[in-house]
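Residue-level structural notes
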Amino acid sequence: VKYKLVRYPHIMMLRGIVPQCEGIETAVISAVAVSSELIACGVSMARGEIKSKLVVWRGSEQVAIVSENSPMSTIAIDHESSCIFYGLRNYGRIFEDPGGPAETSLTIYSEFRDSPENACFDSSSLLIGVSEGISILVLRRNGEEAYARLDGHRTRVTALAFSDCQAYPWLLVSAAEDSSFKIWNLKDRICTYESAVLCPSSPLMALATHDYRLAFASADSRVWLWEMSPSNDTYRELYHVDINNIEKNCPETTLAMDFGTQGQLYIATSHRIMAIELDSQQVVPILQKNEAVSHRASIHRDCLGLATAFESKIFTGIVAIPQQSTSSGLSFFTTGEIPKDSPLTKSPPRQKVQSKKKLLSSYDNRDKNNAPIIFHAKIKSSGYGKTNNKVATTRKRMIHSRKVPCAEYPIHCGILDIHQPQHDWVEKQGALRSLVISRDARLAAIALNDGPALIQRLPVAKKRGQITAIGCSDKQRVAVAFSYDTNWLVTTATDSTVEIWPISQYETCLDDPIATVKNSLSEDKRKNSYRGAAARFFSLDRFLLCAQTNLINMHHFVPPGNQKLAHSFEIPGQHATAMTALNSVLSPLILAASSNRDVVALDARIGNIARVFNNAHAKPVHCLATPEPSAATSIIPQHHFDVFATAATDGVIAIWDLRMARCVKRLSSHVNRREHINIAFSPCLRYLASGSEDNCALIYDLRSAAPISRLKGHSDVVSSVAWNPLFPQFVSASYDGRLLFYTSSDDSASENTGELNS
C-alpha cells in the first residue's frame with residue numbers, strides 16, 4: 001500500500017501489522033477497533049471450522065488470539081483498555097484482560113435476532129450499547145440480561161456513541177440510514193430528542209461525542225457539528241462541512257470519526273484521513289492512499305487503525321499536531337528599516353500658503369502723512385489695524401486638541417444587552433447603511449441607502465437634533481470614515497467618488513467638500529462602480545486610501561485637502577470588495593478583499609503584496625474589520641491586535657491571525673445571505689459584534705466562538721454595528737432607520753457611562 005503524507009497535521013508511528021495466525025493469507029479483516037493501548041481486529045477465515053479470529057495487540061506486540069465458530073461483525077474496546085466486546089452471529093462476547101493473567105472470554109448476551117452491527121462502551125465501562133437492525137440494546141458488562149431495549153428508528157441503525165460529558169453520562173446517541181439521529185436518556189429509558197433528516201441523499205455512517213458537542217458524518221463525506229444542552233432541552237446545529245470540496249472527483253465513503261485531543265475532528269474515509277479544525281472549520285488532509293481502498297476503520301481520540309479491502313494487514317498510527325510558532329509572520333506593528341524607495345518616504349505635496357494680500361496697494365505708494373485718517377494703522381475702526389484673534393485661536397486650538405479621557409476601558413465588562421431607550425435615534429429619510437463612531441466618542445457618522453450622509457453629536461439624549469447633513473441628496477454616499485483627529489470625514493459614493501469634508505465646527509449642512517478624488521473610469525462605467533471598498537484614512541491621517549477596480553491607491557493627505565498619489569497597489573481579481581487599515585498607529589499594513597474571494601495583505605513599506613489568504617470564503621468578502629488600539633485600551637498587549645475578521649454572504653465570519661497566516665475561528669450563528677452586513681471588534685477584544693438579516697444584532701464571545709447575546713428591537717435588517725471606544729456601549733443600525741444603544745449591567749460600566757454623558 002502506498003501512502004502519501006500531506007502537510008500539517010501529520011502521521012507519526014505509521015506502520016503495517018499482519019495478524020500472526022494460521023490461514024491469514026486468504027483471510028479478510030471484518031472489523032477493527034483501537035484505543036490508547038490496544039489494537040483489535042476480527043479476521044474472517046475463508047476455510048475450516050473456525051470462521052473468525054479475534055487478534056489483539058498491545059502496542060506493537062501481539063498478545064492474544066481468540067477463535068470463534070461464527071463470523072465476527074463488530075468490535076468495541078472500553079476506555080480503560082481492559083475489556084473488548086465483539087459481536088458474533090446471534091450473540092455477543094466479552095474478552096477481559098487481553099494478554100494479562102486474568103484473561104477470560106464469556107458470553108454476555110445470546111438472544112440477538114441477527115449479527116450485532118455497532119457497539120460502544122459508556123464512560124464507566126459498565127454498559128455496552130449494541131445495535132441490530134432498527135433496535136438498540138444496552139447490555140450490562142457483568143450479566144446476560146439486557147439493561148434496556150430502545151426501539152424508535154424506522155431504518156437500520158448505522159452508528160452508536162455514549163456521551164462522554166461528565167454531567168450527562170447516561171445519554172446515548174444513535175444515527176440511522178434515514179440520515180437522522182436520536183438522543184436517548186437511559187435513566188428514564190426514553191428518547192429525549194429526534195432530529196430532522198440531515199441529508200436526504202445519503203445515510204449517516206459515523207458519529208462522535210465530546211463534552212457538549214456531537215458530530216455526524218454521512219456516507220458522501222459531509223460532516224455536521226451540533227451542540228447540546230440537555231438541561232435546557234436545546235439541541236442546535238453549529239455548522240456543516242463538505243470535505244469532498246478538497247478532491248471532488250474522488251468518490252469515497254465515510255468509515256469512522258472521533259474528536260481529537262487538540263481541537264480537531266478526525267474523519268477516516270475509504271481514500272483519505274481528514275482533520276477538521278473545530279474553531280476555524282478548516283479541512284486539512286492528513287493521509288491519502290493512492291492505490292488501496294480501506295473498508296474498515298477505527299479512530300479513538302488521536303489513535304487510528306485502517307484495514308484495506310485487498311490484503312490482511314492493518315495500518316495504525318498516531319496523529320500528532322506540531323505546535324506552530326507565533327513569533328514570526330506579519331504584524332500590524334512591524335518595525336524595521338524602511339527602504340529608501342518606499343512609498344512611505346515619498347514627499348507629500350506642499351501645503352498651499354495663501355500670500356497676504358496687500359490691503360490697499362495704492363496706499364503703500366502714497367505719502368502716509370497725507371493719507372486719510374481712516375487708513376491709520378492704530379485706529380481699529382478702519383479695519384487695517386491689528387485684530388484680536390484670541391477668540392478664533394482659542395476655538396481652533398480647542399478643535400485640534402480634543403483630549404480623550406485617560407480612563408481605561410473595563411476589560412472584564414459584562415455583556416452589553418441593557419437597552420438605553422433615552423439614546424434611541426430615528427431617521428425618517430431612509431434605511432441606514434453604515435455607522436461609524438469617532439475616536440473621541442463625540443460624533444456618529446451615518447450613511448443612508450438613499451440620501452446625504454449624516455453626523456449626529458453624542459450623546460443623543462443631550463444633543464438630539466444636532467445633526468449635520470453631508471452633501472446634497474442627489475448623490476448616494478454609502479460609506480463614511482473619520483480621521484484620527486476627528487476634524488475630517490471621508491465619504492464614498494456609489495460611483496466610487498471620494499470626498500473629504502471639514503467637520504471641526506458644528507454646521508447644519510455641508511454642501512461643498514474641500515477635496516474630491518474622482519474615479520478615472522468612463523461615465524458609463526462609473527455609475528454603480530462601488531463594490532464595497534470604502535475610502536479611509538491611514539497611518540495617523542498621513543494617507544488616504546481609495547479603491548478603483550483592482551487598484552488600491554494611496555494618496556498623501558495634507559490638510560486642508562491637498563492630495564497627491566503616493567503609490568498604487570494592484571490586487572488579484574477584477575475589483576476590490578473591501579478594504580481596511582489601522583489609522584490610530586503608524587502601521588504599514590493594508591488589508592483588501594478581492595472579487596476572487598481572496599484577502600490580500602499589502603505592505604506599504606515595500607509597496608507590494610505581503611501575503612495572500614486564498615479562498616477566504618465561499619463568496620467574496622464584503623467587510624473587513626480590525627481592532628483599533630486606543631488610549632482607553634493601553635493595558636492590552638500589542639500582539640493581541642494582530643487579528644482581523646472577514647464577513648461574506650455565505651453566512652460566515654472568519655477570524656484570522658496575521659502571525660499564523662491562517663483562519664483560527666469561524667462564526668456562523670447570524671444570518672447573512674444577501675445584504676452587506678458590517679462587523680466590529682469590541683475595544684476590550686473579548687467580543688465581536690455583527691448585524692444579521694433576521695432583524696437582530698449578535699455579540700460573539702471570541703474565546704468560545706459562541707453568541708452570548710442576541711439583541712432584538714429592530715424591525716428590519718441590522719446592517720451595521722459599532723462600539724463606543726471609551727466606555728462599554730454598543731450601537732446597532734438598521735434598515736428601519738433607527739439606532740439602538742445598549743450598555744452593560746456592570747456597576748463599573750454604568751458609572752463610566754454616566755461620567756462621560758455628564
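For clarity, every value in this text was computed on a predicted model and none was experimentally measured.

**Comments concerning the overall build of the protein chain**
Scanning the protein chain from terminus to terminus reveals five helices and 59 strands. Counting only contacts in the protein chain whose residues sit at least 6 apart along the sequence, the fraction spanning at least 24 positions is 51%. Surface summary for the protein chain: the accessible area is close to 33700 Å², and the carbon and sulfur share equals 48%.

**Here's the deal with the environment of His556**
Note on placement: His556 falls in strand S43 (residues 551-558). Separated by 19 residues in the primary sequence, His556 and Phe537 place their C-alpha atoms 9.9 Å from one another. Those residues within four positions of His556 in sequence are excluded, and the remaining contacts are Pro343, Lys346, Ser347, Pro348, Pro349, Arg542, Phe543, Asn562, Gln563, Lys564 and Ala566. Polar contacts involving the side chain of His556 include one to the main-chain carbonyl oxygen of Lys346, which spans 3.1 Å.

**Examining the packing of aromatic side chains**
Aromatic rings in a pair are described by how distant their centres are and how their planes are angled relative to each other. Going through the model one piece at a time under the given rule, you end up with 18 aromatic pairs. Ring geometry for Phe538 against Phe543: centres 6.2 Å apart, planes inclined by 40°, an arrangement best described as tilted. Both residues of the pair, Phe538 and Phe543, count as buried. Feature note: the residues Phe181, Tyr193, Phe216, Trp226 and Tyr235 constitute an aromatic cluster, connected by ring pairs. The ring of Tyr147 has Arg189 lying over it, and the distance from NZ or CZ to the ring centre is 4.4 Å.

**Remarks on unusual backbone geometry**
Cis geometry is adopted by the peptide bond preceding Pro459, which originates at Leu458 and carries an omega value of -5°. Tracing the sequence through the fold places Pro459 in the loop between strand S34 (453-457) and helix H3 (460-463). Positive phi outside glycine occurs at Gln281, with the angle close to 60°. Mapped onto the fold, Gln281 is located in the loop between strand S25 (272-277) and strand S26 (282-289).

**What about the environment of Ala297?**
Inspection of the secondary structure puts Ala297 in strand S27 (residues 294-300). When near neighbours in sequence (up to four residues on either side) are disregarded, Ala297 contacts Val32, Leu255, Ala256, Ala268, Gly305 and Leu306.

**A word on the nonpolar core**
Ranked by size, the top nonpolar core spans 56 residues in total, and within it Ile653, Phe681, Leu688, Trp723 and Phe730 carry the most contacts. The element contributing the most residues to this core is strand S55 (residues 696-701), with five residues. Ignoring any residue separated from it by four or fewer positions in sequence, one finds Phe730 in contact with Leu416, Ala689, Ala697, Leu711, Val721, Ala722, Trp723, Leu740, Phe741 and Tyr742.

**Examining the sheet that holds strand S45 (residues 576-581)**
Across the sheet, four strands lie side by side as S45-S46-S47-S48; this open sheet has antiparallel pairing. Two strands in the sheet have a free side with no partner beyond their single neighbour: S45 and strand S48 (608-613). Between one strand axis and the next, the sheet turns by 25° as a mean value, whatever way the strands run. Two strands pair when backbone bridges link them, and strand S46 (residues 589-594) and strand S47 (residues 599-603) are joined in this way by five bridges, in the antiparallel orientation. Across the sheet, Ala592 pairs through a bridge with Val600, a residue of S47.

**A word on the pattern of salt bridges**
Proximity of charged atoms lets side chains of opposite charge pair with each other. For the structure on display, the rule yields 23 salt bridges. Two residues, Arg58 and Glu37, come together in a salt bridge whose shortest N-O distance is 3.1 Å. Of this pair, Arg58 sits in strand S5 (residues 52-58) while Glu37 sits in the loop between strand S3 (28-34) and strand S4 (38-44); the two residues are 21 residues apart in sequence, bridging distant segments of the chain. Given a relative accessible area of 31%, Arg58 falls into the partly exposed group.

**So, the pairing of strand S15 (residues 157-162)**
For a regular strand, side-chain orientation follows a simple rule: the groups alternate between the two sheet faces. Counting buried positions over the six residues of S15 gives six, a clear majority of the element. Pairing geometry for S15 and strand S16 (residues 171-176), over five bridges, is antiparallel. Each residue of the ladder has a partner; that of Ala159, found in S16, is Ala175.

**Description of the sheet that holds strand S13 (residues 135-140)**
Strand order in the open sheet formed by four strands is S11-S12-S13-S14, with antiparallel pairing between adjacent strands. Either end of the sheet is taken by a strand with one partner, and the two such strands are strand S11 (118-121) and strand S14 (146-151). Going across the sheet, the axis of each strand differs from the next one's by a mean of 15°, ignoring polarity. By the bridge criterion, six bridges tie strand S12 (residues 127-132) to S13 in an arrangement that is antiparallel. Across the sheet, residue Ser131 finds its bridge partner in S13, namely Ile136.

**Overview of the confidence of the model for the protein chain**
This prediction gives the protein chain a mean pLDDT of 82; 82% of its residues lie at or above 70. Here residues 386-402 scores under 50 on pLDDT; set against residues more than four positions off or in separate chains, the count is 13 contacts. Below pLDDT 50 for its whole length, residues 747-758 participates in 17 contacts with residues either more than four positions away or in separate chains.

**Points about the side chain of Arg141**
Looking at the element boundaries, Arg141 is found in the loop between S13 and S14. Note on Arg141: relative accessible area 13%, which makes it buried. A polar atom in the side chain of Arg141 sits 2.7 Å from the side chain of Glu96. Here the side chain of Arg141 touches Ser125 through a polar contact of 3.2 Å, landing on its backbone oxygen. With residues near it in sequence (within four places) discarded, Arg141 still touches Asp78, Ser82, Cys83, Ile94, Glu96, Ile108, Ser125, Leu126 and Ile128.

**What to know about the environment of Ser67**
Assignment of secondary structure puts Ser67 in strand S6 (residues 61-68). Residue classification places Ser67 among the partly exposed residues on the basis of a relative accessible area of 38%. Along the chain, Ser67 and Lys53 lie 14 residues apart, while their C-alpha atoms are 4.4 Å from each other. Residue contacts for Ser67: discarding those within four places in its chain leaves Ile50, Ser52 and Lys53.

Parameters and conventions
Residues numbered from 1 in each chain as written. Predicted model: local features only at pLDDT ≥ 70, side-chain atom pairs only at ≥ 80, totals over all residues. Heavy atoms only, no water. Helix = DSSP H or I, 4+ residues; strand = E, 2+ residues; numbered from the N terminus. Contact = heavy atoms within 4.5 Å. Areas by Shrake-Rupley, 256 points an atom, 1.4 Å probe, with all protein chains shown as cover. Polar contact = N/O pair within 3.5 Å; in protein donor to acceptor, adjacent residues only side chain to side chain. Phe/Tyr/Trp six-rings, centres within 6.5 Å; stacked < 30°, edge-to-face > 60°. Buried < 20%, exposed > 50% of the residue type's maximum accessible area, 1.4 Å probe, protein only. Lys NZ or Arg CZ within 6 Å of the ring centre and 35° of its normal. Core = buried A, V, L, I, M, F, W, Y, C linked by side-chain atoms within 4.5 Å. Pairing = 2+ DSSP bridges. Axes fitted to C-alpha atoms, helices over the stretch in contact; angles between N-to-C directions. Salt bridge = Lys/Arg side-chain N within 4 Å of Asp/Glu carboxyl O. pLDDT = per-residue confidence, 0-100.

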